[in-house]
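# Architecture and fold: a report
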Amino acid sequence: MKNFVCIRCPLGCALTAEEKNGEIVVTGNSCPRGREYAVSEMTDPVRTFSVSVRVTGGDRGAVAVRVSAPVNKKFIAPIARLARQMKLQAPVKAGETIAANAAQSGADLIAVASVPRA
């Protein structure tokens, strides 16, 4: 049995989910989105996140990047390791793909801001 607080709508329902006879049973949801959220968290939990990547030759030393789509939680650490190892050369443009299919996650790393040359 796992407990969750639903984040799919402003109500923030306290959910309980457990697997019974191969099916996930959810209680505590006020709307269908709560059940969808709990089932997703039990079977394929995904997150969006951002991280910084170093930049050389720019007016600042780093740029924020984000994943282009939600990724399974198991990919967060590998993508963060990849970002720590990267060093970009300015200029960097907002919206630019920094790493395609980052860590084989199916999502790209996208620059959030521009970094012009110094």
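Residues numbered from 1 in each chain as written. Predicted model: local features only at pLDDT ≥ 70, side-chain atom pairs only at ≥ 80, totals over all residues. Heavy atoms only, no water.

## Section: the pairing of strand β3 (residues 23-27)
When a strand is regular, its side chains alternate between the sheet's two faces. The alternating pattern of β3 places I24 and V26 on a buried face and E23, V25 and T27 on a face that is not buried. In terms of strand pairing, strand β2 (residues 14-20) meets β3 through 5 bridges, oriented antiparallel. Residue pairing for β3: A17 is matched across the bridge by V26. Linking two consecutive strands that pair antiparallel, namely β2 and β3, is a turn of 2 residues; a positive phi of about 55 degrees is found at N21 within it. (Buried < 20%, exposed > 50% of the residue type's maximum accessible area, 1.4 Å probe, protein only. Helix = DSSP H or I, 4+ residues; strand = E, 2+ residues; numbered from the N terminus. Pairing = 2+ DSSP bridges.)

## A look at the packing of aromatic side chains
Counted under the stated rule, the structure contains 1 aromatic pair. Plain terms: the ring middles of F4 and Y37 are 6.3 Å apart, the flat faces sit at 80 degrees to each other, and that makes the pair edge-to-face. A residue pair is termed long-range when its members are at least 10 positions apart, and F4 in strand β1 (residues 2-5) and Y37 in helix α1 (residues 32-43) qualify at 33 residues. In this pair, the class of F4 matches that of Y37, namely buried. (Phe/Tyr/Trp six-rings, centres within 6.5 Å; stacked < 30°, edge-to-face > 60°.)

## Section: the sheet that holds strand β5 (residues 50-56)
Where strands meet in a sheet, backbone hydrogen bonds hold them as pairs that are either parallel or antiparallel. Strand order in this open sheet of 5 strands is β8-β5-β6-β10-β9, and the pairing throughout is mixed. A single partner strand is all that each edge strand has here, and the edge strands are β8 (87-89) and β9 (97-99). Each adjacent strand pair in this sheet contributes to an overall mean axis angle of 45 degrees, direction not counted. In this sheet, strand β6 (residues 62-67) lies alongside β5 in antiparallel orientation, the contact comprising 5 bridges. Within the sheet, the bridge partner assigned to S50 lies in β6 and is R66. Of the strands in this sheet, β5, β6, β8, β9 and β10 (109-111) are in contact with helix α2 (residues 76-85), which crosses β5 at around 15 degrees. (Axes fitted to C-alpha atoms, helices over the stretch in contact; angles between N-to-C directions. Contact = heavy atoms within 4.5 Å.)

## Remarks on the sheet that holds β2
If you trace the 3 strands from one edge of the open sheet to the other, you get β1-β2-β3, paired in antiparallel fashion. Unpaired on one side and paired on the other, β1 and β3 mark the two borders of the sheet. Averaged over all adjacent pairs, the angle separating strand axes in this sheet is 30 degrees, with direction ignored. In the sheet, β1 pairs with β2 via 4 bridges, with the strands oriented antiparallel. Across the sheet, K2 pairs through a bridge with A17, a residue of β2. Sitting on the sheet, α1 touches β1, β2 and β3, and the angle it makes with β3 is about 135 degrees.

Purely geometric stuff here, so don't read any function into it on its own.
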